[in-house]
Amino acid sequence: MQHKGNEMTAIVSCKGITKVFGKGELAVHALRGIDLDIMEGDFATLAGPSGSGKTTLLNMIGALDHPTEGEVTVDGQSLSGLSKSALSDLRLQKVGFIFQAYNLVPVLSARENVEFVLRLAKVSVAERRSRADAALAEVGLQGMETRRPSALSGGQQQRVAIARALVGRPRIVLADEPTANLDSKTTGELVDLMYRLNQDSGITFLMGTHDPRVMAHSKRHIEMEDGQIISDTRS
Amino acid sequence: MLAALAWRNIWRQPVRSILSLIGLAFSSLLLVFMLSFQLGIYDTMKVGALGLLDGYGQFQPVGYDDDPDISRLLPNWQALVEAAELDGINTATPRASSFAIMASGDTSFGAAIIGVDPVTEPKVSTLASTIIEGRYLAKGDEATIVMGEGLVRNLGLTLGDNVTMLGTGNDGAVAADVLELVGIFSTGISGLDRQITQMPLARFQDTFNLGDNINVIALRGGDFSAVLQAAPALAHMAETEGAVYLRWDELQPEVKQMITLDLSTAMLSYGVMIIVVVFILLNTLYMSVLERTREFGGLMAVGMRPTQIGTMVWLELIFLSLLGAGIGIALGAGVTLWVENVGIQFPGMDEVFRQWGISGRVYPDLSLLSAVAGPGVIVISIIILGLIPYRRILGLEPVTAMGAA
Ligand SMILES: Nc1ncnc2c1ncn2[C@@H]1O[C@H](COP(=O)(O)OP(=O)(O)OP(=O)(O)O)[C@@H](O)[C@H]1O
Ligand SMILES: [Mg+2]
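What counts as what
- Residues numbered from 1 in each chain as written.
- Chains lettered and ligands numbered in written order.
- Predicted model: local features only at pLDDT ≥ 70, side-chain atom pairs only at ≥ 80, totals over all residues.
- Heavy atoms only, no water.
- Helix = DSSP H or I, 4+ residues; strand = E, 2+ residues; numbered from the N terminus.
- Rg over C-alpha atoms; globule rule 2.2 N^0.38 Å.
- Buried < 20%, exposed > 50% of the residue type's maximum accessible area, 1.4 Å probe, protein only.
- Areas by Shrake-Rupley, 256 points an atom, 1.4 Å probe, with all protein chains shown as cover.
- Lys, Arg positive; Asp, Glu negative; His and termini not counted.
- Charge placed at Lys NZ, Arg CZ, Asp CG, Glu CD.
- Contact = heavy atoms within 4.5 Å.
- Buried area = accessible area lost by both parts, 1.4 Å probe.
- Salt bridge = Lys/Arg side-chain N within 4 Å of Asp/Glu carboxyl O.
- Polar contact = N/O pair within 3.5 Å; in protein donor to acceptor, adjacent residues only side chain to side chain.
- Nonpolar A, V, L, I, M, F, W, Y, C, P; charged D, E, K, R; others polar.
- 1 Å grid on protein atoms, 1.4 Å probe; cavity = no way out; pocket = protein on both sides within 12 Å on 5 of 7 lines; lining within 4 Å.
- Points joined across faces, edges and corners; volume = space filled by probe spheres on them.
- Domains from an automatic or database assignment.

A. Summary view of the overall build of chain B. Secondary structure summary: chain B contains 17 helices and 12 strands in total. A globule of 405 residues ought to have a C-alpha radius of gyration of about 22 Å, yet chain B, at 31 Å, is considerably larger. Out of the 405 residues in chain B, the part that is buried amounts to 49%. Split by element, the accessible area of chain B, about 18,000 Å² in all, is 62% carbon and sulfur. Positive and negative charge centroids in chain B, built from 22 and 38 side chains respectively, lie 19 Å apart.

This is the structure:
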């Protein structure tokens, strides 16, 4: 779904997010007042030194964790007060995740891993199969549909993870250091792939990363430091 | 989907799963065999103890069990013999009995004398099959008697000798007869072999002045449980005629007591075994749940609900325990059926067993109960206790789960 002209919709909206881990003397202020809107079609990178709060912020947006204060809205729906099951459903329908460690299900083949989210979403068998194969083809894995993760390279596993993140047609794909475990050639290929998906299909990406190769492609660059956003620039 | 995933997860750790299965299967096998064996012994005991003389049930006059006096007569016994027509009952045989002095030359001994119907009696009691010399009473016999070998020896008799019997009749008058020894039995129970004698019922009724009255009717059916099932109907019949019906456990309360005692001791050891197996298995599974916490975090991140993950793990447990118990039941049934054909001999135990009417060889008895009870308890305990890992998974937070080592 692409938008015309300057009319932009915020897919994710964070208002006054803080996150404190622990209590008293040991309290860690991981996020200190984040206000951020991610727009439809963004291809945004989230950078900053280690410990600056990138992962914490991505977890808040992805409904994996609750902020101490503030409110996160995803696709117009506020996350405050949702039950565990409701949050699971929201992740299933609106958010795609890509992790540094791939997090594929080891006993499922590439196709089954991609189909898995469609099964959770109760998509019909026939549609599931064709959508999963199309997603795998899109990430360049035709012919490897029946392999299990253990029979795939790191780059290939991450491609499966990307296909899985995309197949449910999420409103946003969140990626936390998606290339940290990969060599530079594979990193380049994956960034190209994600960039193409953003350009051609208008899929919104938000990526936490240290990798200059990833940042080089970004259309919007957000810098964090010590739990705060210190710059937010579009190129 | 959850079931398929659970099934595959089981085989991710094939060694661990196979070890769990072996443990489960082996303990199920043991439980099936031991329980079948035990129930088999009980059956043999019951059949042996009651089949020899008492029968699987008896109609008696009120009070006869406490004071078996010849003057206690079974009312309207011709109607009670009809019990043989009931489902599960094969034969009903009338008896009358008293005590008498048996004399031969200068020697005399007291013994029980039972008047029996030579035709129906052998269908109820196996005494006739323990004849070691001569023959059992036959249709048309008149002044004949069969005795146990102990009494025969004490009296110094040989087959064909005459025995003088002296007792008290129903009317209090002297009852005397001279009977020909036609058969000697040896039941292996020395008390019986010294004290029991049998003669034709008709002659007994004459001698003891009973008219055509009797004291008890003994019953037998195809198998024990069938007779037990007919007990309420039999009790009703007895009540109608003003008599009482005694089940096997009322005829031989010691057998019942011994079975109950033995069974409760056995239950204790089965219980301990089941507890050990269940806890080892749950521990293994719980470890694998802890190991996979990270993975569960990943599954939650892509939108799987904690309840779905919990159900998946619970299904793993159910599949594993059903499979293990199934294999165990199959193997246990196989072993039991095989032993059922050959029997087991306990050297040196013959004498003890014989007291309970069991021959030297013991046979297990595989039944639905003995096959399913033990493994069933294991499976049900595992399924119920499997809610512990289930609850743990419900409490997982995706971020902490993903952060777990
Ligand atoms: N579960 C937790 N308990 C306590 N402190 C935490 C927890 N998770 C994160 N933190 C702290 O919050 C701060 C932000 O962590 P976060 O993981 O978001 O940083 P990051 O920017 O992703 O770093 P990196 O680049 O190393 O991945 C850090 O100081 C970290 O130690
Ligand atoms: Mg991080």
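Moving on from the coordinates now.
B. Representation of the interface of chain A and chain B. Taken together, the contact pairs 26 residues of chain A with 24 residues of chain B. With both sides pooled, the region where chain A packs onto chain B buries about 2,200 Å², and carbon together with sulfur makes up 61% of that total. On inspection of chain A and its partner chain B, the count reaches 3 salt bridges. A salt bridge links E112 of chain A to R8 of chain B; its shortest N-O distance comes to 2.6 Å. Joining chain A to chain B, the criterion identifies 8 residue pairs in polar contact (both at pLDDT 80 or more). Broken down by secondary-structure element, the contributors of at least two residues to the side of chain A that touches chain B are helix 2 (84–94), strand 6 (95–99) and helix 3 (110–120) of chain A. Broken down by element, the residue count for the side of chain A that touches chain B peaks at 6 residues, all from helix 2 of chain A. Looking at the side of chain A that touches chain B, its residues break down into 12 nonpolar, 6 polar and 8 charged.

C. The layout of surface pockets, seen in detail. As a volume, the largest pocket reaches approximately 880 Å³. What lines the largest pocket is a set of 30 residues, among which L53, D54, I114, L192 and I196 of chain B lie closest to the centre. Of all the secondary structure elements, the ones that give two or more residues to the lining of the largest pocket are helix 2 (14–51), strand 1 (57–61), strand 2 (91–104), strand 3 (107–116), helix 6 (190–195) and helix 11 (253–291) of chain B. The element contributing the most residues to the lining of the largest pocket is strand 2 of chain B, with 5 residues. Here the residues of the lining of the largest pocket sort into 16 nonpolar, 10 polar and 4 charged. For the lining of the largest pocket, the domains that each give at least three residues are domain 1 (2–49 + 256–402) and domain 2 (55–251) of chain B. Empty space within the second largest pocket amounts to approximately 420 Å³. For the lining of the second largest pocket, the leading source of residues is helix 4 (residues 125–138) of chain A, giving 4 residues. For the lining of the second largest pocket, the class distribution of residues is 9 nonpolar, 3 polar and 5 charged.

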